[in-house]
Amino acid sequence: MTESMAEVRKHLADVIDRARRDGTPTIITRRGKSEAVLIGIDEYRRLREIVEWYEDEWLNRLADKAEAEGTDGSVSLEEMAALLRSAN
């Protein structure tokens, strides 16, 4: 569902209830441009878990590749994760 900022302001509680109860995300637009998405907290948590899982998988693949190439100049997986997280 897509709604303008003005529409969402008029019935924010309904938009939140719809996201929580029905799992229906609402894309919020401003001046016709998509600006944000309102989703339920359970969906947010699920998406965060997916992101973290893929990040871990990606880091593991990088570590495996680095290990296969040798250890000169290498860093631990924990150091690599900390560096990547600090860049964000």
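Going by the structure above, here's the rest.
Model, not experiment: these values are computed from the prediction.

(A) Expanded view of unusual backbone geometry. Of note, Arg-31 is a non-glycine position whose phi angle comes to about 55 degrees, a positive value. Within the secondary structure, Arg-31 is located in the loop between β2 (26-30) and β3 (33-38).

(B) Quick peek at the pairing of β2. Sheet analysis places strand β1 (residues 2-4) next to β2, joined by three bridges and oriented parallel. Opposite Ser-4, over in β2, you have Thr-29 as the bridge partner. Connecting the antiparallel pair β2 and β3 is a turn made up of two residues, with Arg-31 showing a positive phi of about 55 degrees.

(C) Examining the pattern of salt bridges more closely. Following the criterion strictly, the structure yields seven salt bridges and no others. The salt bridge involving Asp-42 is made with Arg-45; its shortest N-O contact spans 3.9 Å. Residue Asp-42 and its partner Arg-45 are both found in helix α3 (residues 41-69); the two are separated by three residues, about one turn of the helix. A residue is classified by how much of its surface remains accessible, and Asp-42, at 61% relative accessible area, is exposed. By relative accessible area, Arg-45 is classed as partly exposed at 48%. For the salt bridge of Glu-52 with Arg-48, the shortest nitrogen-to-oxygen distance reads 3.7 Å. One end of the pair is Glu-52 and the other is Arg-48, both in helix α3 and four residues apart, which spans about a single turn.

Rules used in this analysis
Residues numbered from 1 in each chain as written. Predicted model: local features only at pLDDT ≥ 70, side-chain atom pairs only at ≥ 80, totals over all residues. Heavy atoms only, no water. Helix = DSSP H or I, 4+ residues; strand = E, 2+ residues; numbered from the N terminus. Pairing = 2+ DSSP bridges. Salt bridge = Lys/Arg side-chain N within 4 Å of Asp/Glu carboxyl O. Buried < 20%, exposed > 50% of the residue type's maximum accessible area, 1.4 Å probe, protein only.

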